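# Coordinate inspection notes
Listed here are the chains, written in short residue letters.
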Amino acid sequence: MENNNEKKHNSLSVFWDEFSRSNILVIILAIFTGIILGGVLVAFTTNEVYDAFRVSLWSGIEAALKTAWNTYVSLFNGSVGNPEKIRLAFESGNDLAIRRAINPFFESLVQSTPYIFGGLAVALGFRAGLFNIGVEGQIFIGAVTGVWAGYAITGLPAIIHIPLAMLFGALGGGIWGFVPGFLKAKTGAHEVIVTIMMNYIAFRLVDWLLKFPMYDPNEVTPKTPWILETAKLPRLFENPVRFHIGFFIAILMAVLVYLLLFKTTLGFELRMVGSNPNAAKYAGVKITKITILAMVLSGALAGMAGANEILGVNYRLLPAFSSGYGFDSIALALLGKTHPLGVILSSLLFGFLRNGARSMQLAVGVPVDIVSILQALILAFIAAPAIIRTIYRLKEPKHEETLVTLRSWKG
Amino acid sequence: MAPVLELRGITKRFPGVLANDHINLTIEKGEIHALLGENGAGKTTLMNILYGLYNPDEGEIFVNGEKLNVSSPIDAIKAGVGMIHQHFMLVPVFTVTDNVMLGEEYVKAGGVLDRVKAANKIREISNIYKLDINPDAYISDIPVGMQQRVEIIKLLFREANIIIMDEPTAVLTPQEVEELFKIMHTMVEQGKSIIFITHKLGEVMDIADRITVIRSGKVVGSTTPAESSLNDLASMMVGREVSLEVEKTEAKPGEVIFSIQDLKVLDPLGAVAVDDMSFQVHAGEVLGIAGVQGNGQTELVRAITGLEHAIEGEVRFLGKNITKLSPRKITEIGSAHIPEDRQKDGLVLSFPISDNLVLNTYYLAPNAKAFWMDYKQILDNGKNLVENFDIRTPSPMIPVSNLSGGNQQKVIVAREFSRPIKFLVASQPTRGLDVGSIEYIHKQLIQKRDEGCAILLVSTELDEVMQLSDRIAVVYRGKVLDILDAKSASKELVGLLMAGIIPSEEEKKKMVSKKKQILMT
């Protein structure tokens, strides 16, 4: 009996041993630590807390805790929903009230969707050893080609028009990814520089397109015409819930990227080129072909992010429509360890934080920027796992897996 | 007088491994003490303890009879212990002077570096020890052998008396090794003591005053070169009888499988590296390419495996002209390649062993159906090969980076030998490997030869070429100077040719007859 107990204890401690070495625990603790520090920050930036400290130490601490707590409660209410409101809404049976109560949750999913596309784009590039900084530009181009297909191609049923418009988005992004891929493969031009430059070209090109060829004459400011009803991604609920099928398309793309990377010969070649291009060449892989293809696919995923926003949310293209989705995507692809599932999870985290931030500002007057700081803290801790391992006295991983190996500037 | 350095009962445990088990070691003033052991025997751990990088679990260190507590390399340096790592710790874009000064800067008033004073001291040291170093040269501009001498100067600059050299010859050409040995002799004449870590037996016999052999974390014996032989040391190191001689029967060469004609290949900088080279390789024979590193071997191998293309001449394999074919096409015809740098070209280190075992056949049935990979089949294949080729690993699913060099090489050998091949290019197949692995790889090569495979062996280890080859082609500056029959070729003759000296017919005969005499006695 005692022996049995010991065994049980052993298996538990073995489990803990494995778990405490794992990266997942580091990520969880990084998020946790980020939230704690974020709370401290909120307390420090609130005047009431200072006032309370002037009264006494205890009331100061109480005020600080209260402020941090309120902030996170409103962050939760804004991103997931207010549990009390949801309960009342369901009790009342009023459809509109229910939709309003559950809206924060679905709105967070809407916010997460472009992140999933963008994160997948970056992750796919990383796996092939390419640092695609150009996701933001590819999103803009994807949005332009998507919106064009949405309003200029007429007379199609929705079942054809929607996939066609998405495809146009992918095509636009793909072309924008092809250029740096081609230059890298044929001339060795570093993709980081080229994609950054391609971003500027994309921004200004879109500005010009909005002002002249795609300009809606009925408007004063530069805007494209509205897309046709047949091109809109169907919404699953009535107003005010904006949740549309783009989210499921994003999940489907994550599954496809997973299958591509880890189940197909092309994925094997891609990862080989990403991890060791010399060995890939030795094994008979055509590096130029893979490099170009990876950039095209990466760009196409980014382009889908742009098209998704137009076809599912905005229905037309305005200047500066993307608020840095492409740049956040780089961070969250790394947060997700460049794995499609990880990308989904980190996209959800980013989407929920972004969405919650707005109501946080409304409810307790904490600026939205706090969430940016929170994201930055979480990312910094994940990027420097040694800090987390030291704080929580975790064991070193048995072998450090190098998931992302980027080639040098000369490579 | 107390010894310069004494280690008593040093023990170091890592989770699941006893890396050092009560090791005692004594170093006298002015001696070269070789620490001999296979990869993973615990040599480097022991030296890292001495250098303060690890703390020992048990044991004491005495320097000149005084107990020393080292908790960091700074303590070790203060006590006069210096270490030259296998991979140099130099800043390539700095000059020699800056590198030497780094961490111990000479400063003038106002915090300005006194480069002149430091450079003068470097010149002084360079003269005493005959190092021939220009303090103003940039590290990135000087050859590897000279970089190593900069590492030596760094230690002498800090007045180290006990110098640890971790596998210092691994990166050197034979001539550079000789130069290094001369410098080591000068150093001990000047009263320094050297701990020379290696697994190369020949070098130990050449240079060491005393030898300590370590196996599985324990000292298994102490001896001197005069009292022991190569075979004794090898057996002590491996723990069983090993044959350093390669056992092989007479080759039965068949038809010509592979040939090159007037091949001309450029190096990456555009200089001619292979210059009108021609030779043939027959089925069932080993043609060895002997030569000092950098005489066109790398470019030759890259050209015949399709990694680069020759600018002139022809490569024929099984009657086909493969000069302009891609690596994949050449592999598919039945050519195999053990690359000279296994980590750079031969393996994807972050991939599991099983994936590395199908690195160039992943797209073929049964590993893949259409464009879907069959990872279950690949894993099964991995399990089989791990067993058949004795790759030491708990599972074929762990990344190949976790394996020792010898086992990594076995992965490549297993991969290349497990498919039907007619021709094998083995480039430096045993570089950096321990005795046990070398023995294994040599046996595999000869077995493949006896199965009728044509083998082109490229090695800068003269002994290896002499032992394995049936014919020896000596290359010098991109040209084949001569192709010799291995039975009658003496080491002396091959050595002369490697240096670019073509002896007259009479001299040749003399050397051949000398070899016969040696064989008769």
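Within chain B, the secondary structure is distributed over 18 helices and 22 strands. In terms of overall size, chain B behaves like a compact globule, its C-alpha atoms giving a radius of gyration of 25 Å where 521 residues would be expected to give roughly 24 Å. With respect to the three principal axes, the spread of C-alpha positions in chain B is 70 × 60 × 55 Å. Buried positions account for 45% of the 521 residues belonging to chain B. Within chain B, contacts between residues at least 6 apart in sequence are counted, and of these 67% link residues at least 24 apart.

Within chain A, the regular secondary structure consists of 17 helices and zero strands. The globule rule puts the C-alpha radius of gyration for 411 residues at 22 Å, and the 24 Å found for chain A is close to it. By principal-axis analysis of the C-alpha atoms, chain A measures approximately 65 × 60 × 45 Å. Taking contacts inside chain A between residues at least 6 apart in sequence as the whole, the part at least 24 apart equals 76%.

Residue and element names in this part refer to chain B. As paired elements, strand β1 (residues 5-14) and strand β4 (residues 58-63) share five bridges and run antiparallel to each other. For Leu 7, the partnering residue across the bridge sits in β4 and is Ile 61. Bridge count for β4 against strand β5 (residues 66-68) is three bridges, and the pairing is antiparallel. Paired with Ile 61 across the strands is Leu 68, a residue of β5. Between β4 and β5, which follow one another and run antiparallel, lie two residues, and Asn 64 among them has a positive phi close to 50°.

This paragraph deals with the sheet that holds β5(B). Residues and elements named next belong to chain B. Spatially, the four strands line up as an open sheet ordered β2-β1-β4-β5, and their pairing is antiparallel. Both outer strands of the open sheet, β2 (17-27) and β5, are each paired with one neighbouring strand and no more. Averaged over all pairs of adjacent strands, the angle between strand axes in this sheet comes to 30°, irrespective of strand direction. Seen against the sheet, helix α1 (residues 43-50) touches β1, β2 and β4 and runs at an angle of roughly 115° to β1.

Residues and elements named next belong to chain B. The strand order across the open sheet built from four strands is β12-β11-β14-β15, with neighbouring strands paired in antiparallel fashion. Edge positions in the sheet fall to β12 (272-282) and β15 (320-321), since each of these pairs with one other strand and no more. Note: strand β11 (residues 256-266) against β12, seven bridges, orientation antiparallel. Directly across from Leu 266, in β12, lies its bridge partner Val 272.

In this section: the environment of Thr113(A). Residue and element names in this part refer to chain A. Mapping Thr 113 onto the fold places it in helix α6 (residues 95-127). As a C-alpha pair, Thr 113 and Ile 251 span 138 residues in sequence and 8.6 Å in three-dimensional space. Excluding its chain neighbours within four sequence positions, the residues that come into contact with Thr 113 are Gly 246, Phe 247, Ala 250 and Asn 308.

With that settled, consider the pairing of β11(B). All names here are of chain B. The antiparallel pairing of β11 with β12 creates a hairpin that spans five residues between the two strands, and Gly 270 there sits at a positive phi of about 95°. Alignment of β11 against strand β14 (residues 312-317), held across five bridges, turns out to be antiparallel. For Phe 258, the partnering residue across the bridge sits in β14 and is Phe 317.

This brings us to the confidence of the model for chain B. In the predicted model, chain B carries a mean pLDDT of 89, and the fraction of residues at 70 or more is 98%. With a pTM of 0.81, the predicted complex shows an ipTM of 0.83.

Further remarks concern the packing of helix α7 (residues 135-152) of chain A against helix α13 (residues 287-314) of chain A. Residue and element names in this part refer to chain A. Closest axis-to-axis distance for the α7/α13 pair is 6 Å, and the angle between their directions is 50°. In terms of orientation, α7 and α13 fall into the oblique class. The handedness of the crossing between α7 and α13 is right-handed. Here Val 135, Gln 138, Ile 139, Phe 140, Ile 141, Gly 142, Ala 143, Gly 146, Val 147 and Gly 150 of α7 come into contact with α13, specifically with Gly 299, Ala 302, Gly 303, Met 304, Ala 305, Gly 306, Ala 307, Glu 309, Ile 310 and Leu 311. Here the residues of the contact of α7 with α13 are counted per class, giving twelve nonpolar, seven polar and one charged.

A word on the interface of chain A and chain B. By a widely used convention, the size of an interface equals the accessible area lost when the partners come together. Tallying the contact residues gives 18 residues for chain A and 24 residues for chain B. Among the secondary structure elements, those contributing two or more residues to the side of chain A that touches chain B are α11 (265-275) and α12 (277-282) of chain A. It is α11(A) that provides the largest number of residues to the side of chain A that touches chain B, a total of five residues. Looking at side-chain class alone, the side of chain A that touches chain B contains six nonpolar, nine polar and three charged residues.

A general feature of soluble globular proteins is that nonpolar side chains tend to end up buried together. Counting 250 residues, the largest nonpolar core has Phe117(A), Leu120(A), Leu301(A), Leu50(B), Ile164(B), Phe196(B) and Leu457(B) as the members making the most contacts within it. The greatest single-element share of this core, amounting to 15 residues, is contributed by α13(A). Every residue in contact with Leu50(B), bar those within four places of it in the chain, is listed here: Leu7(B), Ile61(B), Ala76(B), Val81(B) and Ile164(B).

To continue, consider helix α9 (residues 191-211) of chain A. All names here are of chain A. Helix length check: α9 (21 residues) gives 30 Å between terminal C-alpha atoms against 30 Å at 1.5 Å per residue, within 8%. Listing the buried residues of α9 in full gives Glu 191, Val 194, Thr 195, Met 198, Asn 199, Ala 202, Val 206 and Leu 210. Each buried residue of α9 lies within a common arc of 150° when the element is viewed along its axis, so the set occupies one face. Residues of α9 that are exposed and point more than 90 degrees away from the buried face comprise Tyr 200, Arg 204, Trp 208 and Lys 211. Taken together, the buried residues of α9 touch α7, α8 (158-187) and α13.

This brings us to the packing of α7(A) against helix α14 (residues 325-335) of chain A. Residues and elements named next belong to chain A. The N-to-C vectors of α7 and α14 enclose an angle of 135°; their axes lie 7 Å apart at closest approach. In terms of orientation, α7 lies oblique with respect to α14. Crossing handedness for the pair α7 and α14: right-handed. Only Tyr 325, Gly 326, Phe 327, Ser 329 and Ile 330 of α14 make contact with α7, whose side of the interface consists of Val 135, Glu 136 and Ile 139.

Attention now moves to the domain arrangement of chain B. Along its sequence, chain B is carved into domain 1 (5-238), domain 2 (250-334 + 423-433 + 452-521) and domain 3 (340-419). Centre-to-centre, using C-alpha coordinates, domain 1 of chain B lies 36 Å away from domain 3 of chain B.

On to the confidence of the model for chain A, then. All names here are of chain A. Looking at chain A, pLDDT values average 88 and 91% of them are 70 or higher. This stretch, residues 1-8, has a pLDDT under 50; its non-local contacts, to residues over four places away or in other chains, come to zero contacts. Counting interchain partners and residues more than four positions distant, the pLDDT-below-50 stretch residues 399-411 has 18 contacts.

Here we come to the environment of Lys192(B). Mapped onto the elements, Lys192(B) comes out in the loop between α6 (174-189) and β8 (193-198). In this structure, the C-alpha to C-alpha distance between Lys192(B) and Glu159(B), residues 33 residues apart in sequence, is 9.6 Å.

This part is about unusual backbone geometry. With an omega of 0°, the peptide bond running from Asn239(A) to Pro240(A) counts as cis. Tracing the backbone through its elements, the reader meets Pro240(A) in the loop between α9 and α10 (246-263). Positioned with a positive phi, Asp262(B) is a non-glycine residue whose angle comes to about 50°. Following the sequence through the fold, Asp262(B) ends up in strand β11. With 12 C-beta atoms packed within 10 Å, Asp262(B) lands in the exposed category.

Residue and element names in this part refer to chain B. A rise of 1.5 Å per residue sets the reference length of α6, with its 16 residues, at 22 Å; its end C-alpha atoms lie 23 Å apart and thus fit the reference within 8%. Looking at the packing, one finds that the buried side of α6 touches β3 (32-36), α5 (144-157), β8 and α7 (201-207). One or two steps after α6, the chain reaches Gly 191, where phi turns positive at roughly 95°.

Here the focus is the environment of Glu48(A). Residue and element names in this part refer to chain A. Tracing the chain through its elements places Glu 48 in helix α3 (residues 47-55). Of the residues examined, Glu 48 has 13 C-beta atoms within 10 Å and is grouped as partly exposed. Considered as a pair, Glu 48 and Ile 193 are 145 residues apart in the sequence and their alpha carbons are 47 Å apart. When neighbours within four sequence positions are excluded, Glu 48 is seen to be in contact with Ala 63 and Thr 67.

Calculation rules
- Residues numbered from 1 in each chain as written.
- Chains lettered and ligands numbered in written order.
- Predicted model: local features only at pLDDT ≥ 70, side-chain atom pairs only at ≥ 80, totals over all residues.
- Helix = DSSP H or I, 4+ residues; strand = E, 2+ residues; numbered from the N terminus.
- Rg over C-alpha atoms; globule rule 2.2 N^0.38 Å.
- Buried ≥ 20, exposed ≤ 12 C-beta atoms within 10 Å, placed from the backbone.
- Contact = placed C-beta atoms within 7 Å.
- Pairing = 2+ DSSP bridges.
- Axes fitted to C-alpha atoms, helices over the stretch in contact; angles between N-to-C directions.
- pLDDT = per-residue confidence, 0-100.
- Parallel < 35°, antiparallel > 145°, perpendicular 65-115°, else oblique.
- Left-handed = near helix turned anticlockwise from the far one by under 90°.
- Nonpolar A, V, L, I, M, F, W, Y, C, P; charged D, E, K, R; others polar.
- Core = buried A, V, L, I, M, F, W, Y, C linked by C-beta atoms within 7 Å.
- Expected span 1.5 Å × (residues − 1).
- Arc of directions from axis to C-beta.
- Domains from an automatic or database assignment.

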